[in-house]
Amino acid sequence: QVQLVESGGGLVQAGGSLKLSCVASGTIFTINHMSWYRQAPGKQRELVATITSSGNTNYADSVKGRFTISRDNAKNAVYLQMNSLKPEDTSVYYCNALIQTTGIVTNYWGQGTQVTVSS
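Note that this is a predicted model, so its numbers are computed, not measured.

Considerations on the pattern of salt bridges
One pass over the structure, following the stated rule, counts four salt bridges. With its nearest N and O atoms 2.6 Å apart, the salt bridge here joins Arg38 to Glu46. Owing to a relative accessible area of 5%, Arg38 belongs among the buried residues under this scheme. Between Arg38 and Asp89 there is a salt bridge, with its nearest N and O atoms 2.9 Å apart. Highlighted residues: Arg38 in strand β4 (residues 30-39) and Asp89 in the loop between β8 (77-82) and β9 (91-100), separated in sequence by 51 residues. With relative accessibility at 1%, the residue Asp89 sits in the buried group. Overlapping salt bridges, with partners in common, bring together Arg38, Glu46, Arg66 and Asp89 in one network.

What follows is the structure, given as structure tokens:
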């Protein structure tokens, strides 16, 4: 059984910073793509940033230049450094990872962590 556990959300003023963390645990052979998604009330879940196993990254246009995704393969962890936060960044942020366990590749989700940016 694989679990993704996020941490680091909270309340911050506009212009501030937060760093989200997500650690995968369980029977893991390899972790391929790791991503952060977010979902605001009444809106669809959207991709924020992705990082491949080799470290290539991709960002949503709305966060380019403000957010940085990184990973620590030794710790099975992915991070999201969020700077210059805006009220429109307020959402529940979800960690996502494509993980190979014993011969099976499965898409896993964390439980979500709330980020609230006040104006």
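There's more to say after this.
What to know about the sheet that holds strand β3 (residues 18-25)
The sheet built from four strands is open, its strands ordered β1-β3-β8-β7 with antiparallel pairing. Edge strands, defined here as strands with exactly one partner in the open sheet, are β1 (3-7) and β7 (67-72). Between one strand axis and the next, the sheet turns by 15° as a mean value, whatever way the strands run. Here β1 runs beside β3; their pairing, made up of five bridges, is antiparallel. By the bridge assignment, Glu6 is partnered in β3 with Cys22.

What to know about the packing of aromatic side chains
Overall, the coordinates contain one aromatic pair when judged by the stated rule. Over the face of the ring belonging to Tyr79 we find Lys19, whose NZ or CZ atom lies 4.9 Å from the ring centre.

Concerning the side chain of Asp89
Engagement of the side chain of Asp89 in a polar contact is seen with the backbone nitrogen of Lys86, the distance being 2.8 Å. Residue contacts for Asp89: discarding those within four places in its chain leaves Arg38, Arg66, Phe67, Ser84, Val115 and Val117.

Rules used throughout
- Residues numbered from 1 in each chain as written.
- Predicted model: local features only at pLDDT ≥ 70, side-chain atom pairs only at ≥ 80, totals over all residues.
- Heavy atoms only, no water.
- Salt bridge = Lys/Arg side-chain N within 4 Å of Asp/Glu carboxyl O.
- Buried < 20%, exposed > 50% of the residue type's maximum accessible area, 1.4 Å probe, protein only.
- Helix = DSSP H or I, 4+ residues; strand = E, 2+ residues; numbered from the N terminus.
- Pairing = 2+ DSSP bridges.
- Axes fitted to C-alpha atoms, helices over the stretch in contact; angles between N-to-C directions.
- Phe/Tyr/Trp six-rings, centres within 6.5 Å; stacked < 30°, edge-to-face > 60°.
- Lys NZ or Arg CZ within 6 Å of the ring centre and 35° of its normal.
- Polar contact = N/O pair within 3.5 Å; in protein donor to acceptor, adjacent residues only side chain to side chain.
- Contact = heavy atoms within 4.5 Å.

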